Protein chains: 2
Amino acid sequence: MSTTGQLQQHILRRTHFSEVELAEFFTAFRQVRVKKRQFIVQPEFVPKHRFYVVQGCLRAYVIGDEGQEHTIQFAIDDWWITDYNSYIYQQPASMFIMALEDSIVLQIDYETEQRLKQQCHAYETYFRILAETTAAHMARRVITNLTKTAEQRYEMFLERYPDVAAKVPQYALASYLGMTTEYLSKLRHKRLKS
Amino acid sequence: MSTTGQLQQHILRRTHFSEVELAEFFTAFRQVRVKKRQFIVQPEFVPKHRFYVVQGCLRAYVIGDEGQEHTIQFAIDDWWITDYNSYIYQQPASMFIMALEDSIVLQIDYETEQRLKQQCHAYETYFRILAETTAAHMARRVITNLTKTAEQRYEMFLERYPDVAAKVPQYALASYLGMTTEYLSKLRHKRLKS
DNA sequence: AAATCTTCTTGAACTGGATTAACTTGTCGG
DNA sequence: CCGACAAGTTAATCCAGTTCAAGAAGATTT
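Residues numbered from 1 in each chain as written. Chains lettered and ligands numbered in written order. Predicted model: local features only at pLDDT ≥ 70, side-chain atom pairs only at ≥ 80, totals over all residues. Heavy atoms only, no water.

## Some words on the protein's contact with DNA strand D
Around DNA strand D, the structure places 17 residues, and the nearest of them are Gln170 and Ser185 of chain A together with Lys36, Ala150 and Tyr183 of chain B. A share of 77% is what sugar and phosphate atoms reach among the atoms of DNA strand D within 4 Å of the protein. Interatomic distance of 2.9 Å between a backbone N/O atom of alanine 150 of chain B and a phosphate oxygen of DNA strand D. When residues of the surface near DNA strand D are traced back to their parent elements, those giving at least two are α8 (170–177) and α9 (181–193) of chain A together with α9 (181–193) of chain B. Broken down by element, the surface near DNA strand D gets its largest block of residues, four residues, from α9 of chain A. A per-class count over the surface near DNA strand D returns five nonpolar, six polar and six charged. (Near = heavy atom within 4 Å. Polar contact = N/O pair within 3.5 Å; in protein donor to acceptor, adjacent residues only side chain to side chain. Helix = DSSP H or I, 4+ residues; strand = E, 2+ residues; numbered from the N terminus. Nonpolar A, V, L, I, M, F, W, Y, C, P; charged D, E, K, R; others polar.)

Structure, rendered in structure tokens:
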């Protein structure tokens, strides 16, 4: 499948674009290769793009007051990623987004996205659905963080995202789940014994 | 101002509807009075509506495995509220949404919303913006919960939402901030002394 | 205005998870 | 294939926040 073919599926599984709409939509994207450890978003800079991951693995994180990293989002094949707050309001980012492995992404820039959404109802619908999905996902995460223990959060993550769990380094997962690397290490060990 | 006048402002501050579009949009809403302690969403039932709060105060919460309540969202005048996950996917709710005081809401039902969005690009845009705002808000909350201590979370909430903090009962706020009532009580006391 | 229920407070004992620190194992560029 | 740094482990100690328990202060109903 071509690299845009994957995104095409992502779109058509959620809404309907005509042939013409699809073709024009893809002209808005640029395919970019991102090397491991390379940043695509950095604090202080206004994030110009939203990214669709064709292949690879990226991680968004913030740095807390005491210098610890906190993972906000992972993205693997067929996921969208950006610093949501900063992108939609076009404010300087507060996150880093870094490739955890060599990756291929499709990027669309803010102005183009705005123009497309204005121009065509179907495009607007697609981005509305993306936003809704993001909101729903974030709401679930808030609930999980409020209601579950560290151990339960780990177990749930393993069940829900086994492919992500397998790909990302332990320290990144720990900081996503809101615990230290050391504690996650203990949980894993405990798990193996039982 | 009429009750829809408030919602009209909410819309026009975010996007543009023509006179005709505005008029038709409002026919989709029904104004409902909700008494204190009354539920508008309950677990097991598919939430049929999304609610715009004209006046009053509502609270969305889930019940954890050990029976504790966890507040997911508050809504006061000029806010939207629903069980987001359940509403957009039309699945049985997992939350309660209850009025903390006698309130007036405007409700739109799922099918009507779908029809409106399909019918008119401007409506679609408005709901896209609502979803984006929700996503951004939830993302900020995830970050705060990961990076800040209970005390910092409380201080930040007071600063950002003083009107909500003044309205809602202590136990509801505590469970929103992810701490026990007892601990919040101590934090307040500590705060008064300094 | 008494009775009942709901919310808030206070303090003592406890614990899930953090911190610190030293060590082991991977990984990869040269 | 080696040197260096990044990632993961283990164990001792510590603390932010919970739990339990009992009472005080508001609300709401009769």
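## With respect to the protein's contact with DNA strand C
Around DNA strand C, a shell composed of 16 residues is seen, among which Ala150 and Glu182 of chain A together with Gln170, Tyr171 and Ser185 of chain B lie nearest. Here glutamine 170 of chain B contributes a backbone N or O atom positioned 2.8 Å from a phosphate oxygen of DNA strand C. For DNA strand C, a phosphate oxygen lies 3.4 Å from a polar atom in the side chain of histidine 189 of chain B. For the surface near DNA strand C, the secondary structure elements donating two or more residues are α9 of chain A together with α8 (170–177) and α9 of chain B. The dominant element in the surface near DNA strand C, judged by the number of residues it contributes, is α9 of chain B, at four residues.

## Digging into the domain arrangement of chain A
Residue and element names in this part refer to chain A. Per the domain assignment, the segments of chain A are domain 1 (3–131) and domain 2 (148–194). Computed from C-alpha atoms alone, the centre-to-centre distance between domain 1 and domain 2 is 26 Å. The interface is formed by 14 residues belonging to domain 1 together with 12 residues belonging to domain 2. Taking both sides of the interface into account, the surface hidden between domain 1 and domain 2 amounts to around 920 Å²; carbon and sulfur atoms contribute 68%. For domain 1, the biggest contributors to the area lost against domain 2 are Thr71, Phe74 and Ile76; these three give 50% of the whole. Here domain 1 and domain 2 share two salt bridges between them. In this structure, aspartate 77 and lysine 167 form a salt bridge, with 3.8 Å as the shortest nitrogen-oxygen distance. Between domain 1 and domain 2 we count four residue pairs in polar contact (both at pLDDT 80 or more) in total. Secondary structure elements with two or more residues in the side of domain 1 that touches domain 2: β3 (49–63), β4 (69–76) and β6 (96–109). (Domains from an automatic or database assignment. Contact = heavy atoms within 4.5 Å. Buried area = accessible area lost by both parts, 1.4 Å probe. Salt bridge = Lys/Arg side-chain N within 4 Å of Asp/Glu carboxyl O.)

## Re the interface of chain A and chain B
Chain A puts 39 residues into the contact, and the matching count from chain B is 39 residues. Interface of chain A and chain B: buried area, both sides summed, is about 3300 Å²; carbon and sulfur atoms make up 63% of it. For the chain A face of the interface with chain B, the top three residues by lost area are His121, Arg128 and Leu146 of chain A, together amounting to 19%. If you look at where chain A meets chain B, you find six salt bridges. The residue lysine 117 of chain B makes a salt bridge to glutamate 132 of chain A at a minimum N-O spacing of 3.7 Å. Here chain A and chain B share 16 residue pairs in polar contact (both at pLDDT 80 or more) between them. For the side of chain A that touches chain B, the secondary structure elements donating two or more residues are β3, β4, α3 (84–89), α4 (110–119), α5 (121–147) and α8 of chain A. If one sorts the elements of the side of chain A that touches chain B by residue count, α5 of chain A sits on top with 19 residues.

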